[in-house]
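Examining the three-dimensional arrangement
Okay, here's what each chain looks like letter by letter:
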Amino acid sequence: MASESRQLHIFFFPFMARGHLIPTVDLAKLFAARGVKATFVTTPRPFILQNPLVCPGGCENIDSIVDSQEMVQNFFKATKMLQRPLEQLLQDFQPSCLVAGTFFPRATDIAAKFGILRLVFHGISFFFFFFFFFSYDSEPFVIPNFPGEIKLTRMQLPDFIKHEVETDFSKWLKEVMESADLRSDRVVVNSFYELKPAYAEHYKKVMGRKAWHIGPVSLCNKNAEDKAQRGKEASIDEHECLKWLGTKKPNSVIYICPGSIANFSDTQLMEIAMGLEASDQQFIWVVKKRKNEKEEEDWLPKGFEKRMEGKGLILRGWAPQVLILDHEAVGGFVTHCGWNSTLEGVTAGVPMVTWPLSVEQFYNEKLVTRVLKIGVDVGVRQWIRVVGDSIKRAVKRIMVEALGEMAKRAVEEGGSSYSDLNALIEELRSHCP
Ligand code: UDP
């Protein structure tokens, strides 16, 4: 067959944030495991560093500048400068198609210029897209014609979604969304059909085409080493982490992590620490802070770590999240509801306490708590009180475990995601030059 005469070669070009880079690496691994040649394209460190006007001080990844709205917006704008080098690479390597992240609105046109397909891979939940293209008039409002009566308030929406004032950024974002979902040649999502079939069908109806469900992509990491090395070097050795968890009873530890970007204020951290101590709960707590030279840290009660020895583990920096969630000792996940974390929680079959901080995380929270009913949205302040006991009562553990099993079956041979990926590869083979 002519389609088999040339090996399919895919360029993967994710947005430069860990929440996008990590699943795209997994996606590239999945394609490579099916015999597709996968090339990962990302910024060499100096790229944005060399543009001090764009990001003073420089950065190559949005994670380090997220505290400044202005810098974040500049970062988004700076990605436009990647167009020329990307075109050069496409010219030089002539891949069969381009998988680009959501935030590259020009990617579809660039791919078309080279006569190849552009696939969009959403690092974020595709649940989000239903909300973006909808205008919100009442308060609180229910998303019309949407399965599962989702109620939100305008307060929970970021400004750029409310479409109240048009700014350069909101205009740009609209272009991004339209380009990603409405104009890209194929839409690939990190999810599995059985998670919410009604949404997959709704998407097809509203957008007039199918979204390819090929996840959860994190499941391509099968052994402890792969799981531990995902994303970034962890602040704890995988063996040490497993050893610690190994001393705990099943479902006795909660895992608290605000994702790869978000930071809590010192006051919030102090609240968490006090709540943990009062609840007598065993925990692994990820804090994006380095240990300082001082004996005591301002955000921890005096002597906290000493008193928590054996009971709780504070990981400063990066946790091997999937390794931890998959451990039988972990019985609850306090999550900021980033899409990857949400799906990783589902996959591990762990009930969640939701603590959304921004943007699409509020939608993902609704999915977890109202639609799938595998988590509780206890509000930022009350969560500690409920973590220890209510989560076990509020969430039908059996449902979470069943979803986790479904997720695993989906990526196994013959499963829905496995088959969707195969069908997508076949389709790409028949379309690609
Ligand atoms: N992650 C991790 N260790 C950490 C923090 C995050 O492995 O200490 C991973 C997590 O497993 C997930 C990703 O980073 O795959 C975070 O993506 P998500 O969409 O949940 O949130 P974001 O960081 O984009 O807000």
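Higher on the page you've got the structure.
Below you will find a few notes about this structure.

Cut-off values and rules
Residues numbered from 1 in each chain as written. Predicted model: local features only at pLDDT ≥ 70, side-chain atom pairs only at ≥ 80, totals over all residues. Near = placed C-beta within 6 Å. Helix = DSSP H or I, 4+ residues; strand = E, 2+ residues; numbered from the N terminus. Nonpolar A, V, L, I, M, F, W, Y, C, P; charged D, E, K, R; others polar. Expected span 1.5 Å × (residues − 1). Contact = placed C-beta atoms within 7 Å. Pairing = 2+ DSSP bridges. Axes fitted to C-alpha atoms, helices over the stretch in contact; angles between N-to-C directions.

Section: the site of the ligand
Neighbouring residues of the ligand: 19 residues in total, closest Gly 19, Gly 259, Ser 260, Gly 338 and Ser 341. Elements represented by at least two residues in the shell around the ligand include exactly helix H1 (18-33), helix H14 (321-325) and helix H15 (339-348). No other element matches H15, which puts 4 residues into the shell around the ligand. Split by residue class, the shell around the ligand holds 8 nonpolar, 8 polar and 3 charged.

What to know about helix H19 (residues 397-411)
Residues spaced three or four apart along an α-helix face the same direction, because each turn holds 3.6 residues. With 15 residues, H19 extends 22 Å from end C-alpha to end C-alpha; this agrees with the ideal 21 Å at 1.5 Å per step. At its buried positions, H19 is contacted by H15 and helix H20 (416-431).

Observations concerning the sheet that holds strand E4 (residues 117-122)
With parallel pairing, the 6 strands of this open sheet are ordered in space as E2-E1-E3-E4-E7-E8. At either end of the open sheet lies a strand with only one pairing partner, and these are strand E2 (37-40) and strand E8 (211-213). Across this sheet, the average inter-strand angle for adjacent strands is 25 degrees, counted without regard to direction. In this structure, strand E7 (residues 186-189) lies alongside E8, joined through 3 bridges in parallel fashion. Paired with Val 188 across the bridge in E8 is Trp 212. In the packing of H20 onto the sheet, the strands contacted are strand E3 (97-101), E4 and E8, and the crossing angle to E8 comes to about 130 degrees.

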